[in-house]
Amino acid sequence: MKRGLRWQSHYRRAPLLTAAPVRPLMDEQVSITGLFLPPCHPVTLCAHMRSEEGDLWEAFAHYNTKANGTVNLTTDHSVGGSYLGCEPMGLFWSQQPAPGSREGLRLRKQNVETPFVTLVSLLDGHVSPSEGPSIELAATTIERWYMAPGVRRTEIRQGGLVATLFLPPGPGPFPAMLDMWGFGGGFLEYRSALFASRGYASLSLTYKDHKDLPGPRKSMNVGDLYFRSAFQFLQNHHQVCADRVGIIGLSFGVYLSLRIASQTGINPACLICINGPVGSSLKLSDEEGRTETFERRRKYWQYNSQGHASFRDMSLPANHDPGSKVKLEEITCPVMYILSEDDLSTAVHENANLV
């Protein structure tokens, strides 16, 4: 009788780092998992990303593998690094400029037709990226997009409007959002691109500091007619549901959103107001709502020890120009007012109490 031989393999699979999905939208959760690792072993997850300007942003977190040799950011807790606790997206939201970077960096997407590309590395032991070389066990790359496949982007330069229209895939008709940002001016399209990726037509409208707008770039040279035209442009678009057009505004865009909604003949389906005032401390130059330059209200600016300015006092209701205050009682649509308590650009609590 022959005896069977039992073979014992000492082969161990190489560590593996997976991400799903690898090409998500910016508001999608990504599941990051490390596999085939030593049990109950310290490891570091590290994320690196280059901004469009070439600056390096990074985050890292310390984990201990489970008894089965895995680590899962969806369920496991970070014990050190850029964040603590169970934070499935911690490697993204906690990113900071790498040591030695230029001061005053702000991460914003300008070209929404390209992704933010993040390299996630799995390192041996509890280490810090700034400590120098470390042993990389595995790595994966994640592309995070604002525009889903099939979303259409069209620049609008008609009737005096300076805007970008985003349409979801398909014939529609779609609900829509008029999208306005703050007094910094220029174009920011990433919120509108994400709206379209989620089934909403969206018009990203600029109203200041753009070469295609009239007058000095440091002042606001368009008025109520400009914003009414933008709202009506969306309503009249053949792929938009005319009675399902809302308005979203951030900072000074909140004031503009409320001002538009309070006017006769403009009936938005809803308003979403994020950290903004119900009036303006900037004196209106005419009945159309044009304003003087932002810098003329320097008396309200406050500076910290690093020389950074806070504009919070400019937006206190007591400092609003009397002619600018919105007649909130004339707004008939639902209003969502979102505020963050540490905003140094707007007196959010004082303004929210008036809504």
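Look up: the structure comes first, before these words.
Below is a summary of the structure that appears in this document. (Residues numbered from 1 in each chain as written. Predicted model: local features only at pLDDT ≥ 70, side-chain atom pairs only at ≥ 80, totals over all residues. Heavy atoms only, no water.)

1. Looking at the pairing of strand S3 (residues 42-50)
Condition: Strands qualify as paired when DSSP identifies two bridges or more between them. Working definition: helices are DSSP H or I runs of at least four residues, strands are E runs of at least two. Numbering for both runs from the N terminus.
Summarising the sheet, S3 and strand S4 (residues 56-64) pair through 9 bridges and their orientation is antiparallel. Opposite Leu45, over in S4, you have Ala61 as the bridge partner. Two successive antiparallel strands, S3 and S4, enclose a turn made up of 5 residues, where Gly54 displays a positive phi of approximately 95°. Examined bridge by bridge, S3 and strand S8 (residues 116-124) share 7 bridges and lie antiparallel to one another. Bridge pairing links Met49 to Thr118 in S8.

2. Considering the sheet that holds strand S1 (residues 16-20)
Reading across from one edge, S1-S2-S5 is the order of the 3 strands in this open sheet, with antiparallel pairing throughout. Among the strands making up the open sheet, the edge pair consists of S1 and strand S5 (71-72).

3. Comments concerning the environment of Val240
Quick reminder of the rule: Contacts are assigned to residue pairs that have any heavy atoms within 4.5 Å of one another.
Following the sequence through the fold, Val240 ends up in strand S14 (residues 240-250). It is 9.6 Å that separates the C-alpha atoms of Val240 and Ser202, two residues lying 38 residues apart in sequence. Look past the residues within four positions of Val240 in its chain and what remains in contact with it is Pro173, Phe174, Ala176, Ala201, Leu234 and Val245.

4. Digging into the pattern of salt bridges
Pairs may arise between side chains of opposite charge once their charged atoms sit close together. The cut-off we apply is this: What makes a salt bridge here is a side-chain nitrogen of Lys or Arg within 4 Å of a carboxyl oxygen of Asp or Glu, nothing more. Note on classification: 1.4 Å probe, protein chains only; a residue is buried when its accessible area is under 20% of the maximum for its type, exposed when over 50%, partly exposed between these limits.
Evaluated as defined, the whole model comprises 9 salt bridges. As a salt-bridge pair, Glu189 and Arg153 come within 2.9 Å of each other at their nearest N and O atoms. Taken together, the residues Glu189 in the loop between strand S12 (174-180) and helix H2 (190-197) and Arg153 in strand S10 (residues 152-156) connect sequence positions 36 residues apart. Taking relative accessible area as the criterion, Glu189 reaches 6% and is therefore assigned buried. When its relative accessible area of 27% is taken as the criterion, Arg153 is described as partly exposed. Residues Arg259 and Asp224 are paired through a salt bridge, measuring 2.7 Å at the closest nitrogen-oxygen approach. With Arg259 in helix H4 (residues 252-261) and Asp224 in helix H3 (residues 224-236), this residue pair connects regions lying 35 residues apart in the sequence. We classify Arg259 as buried; its relative accessible area is 12%. What you see here is one network of salt bridges that share partners, running through Arg153, Glu155 and Glu189.

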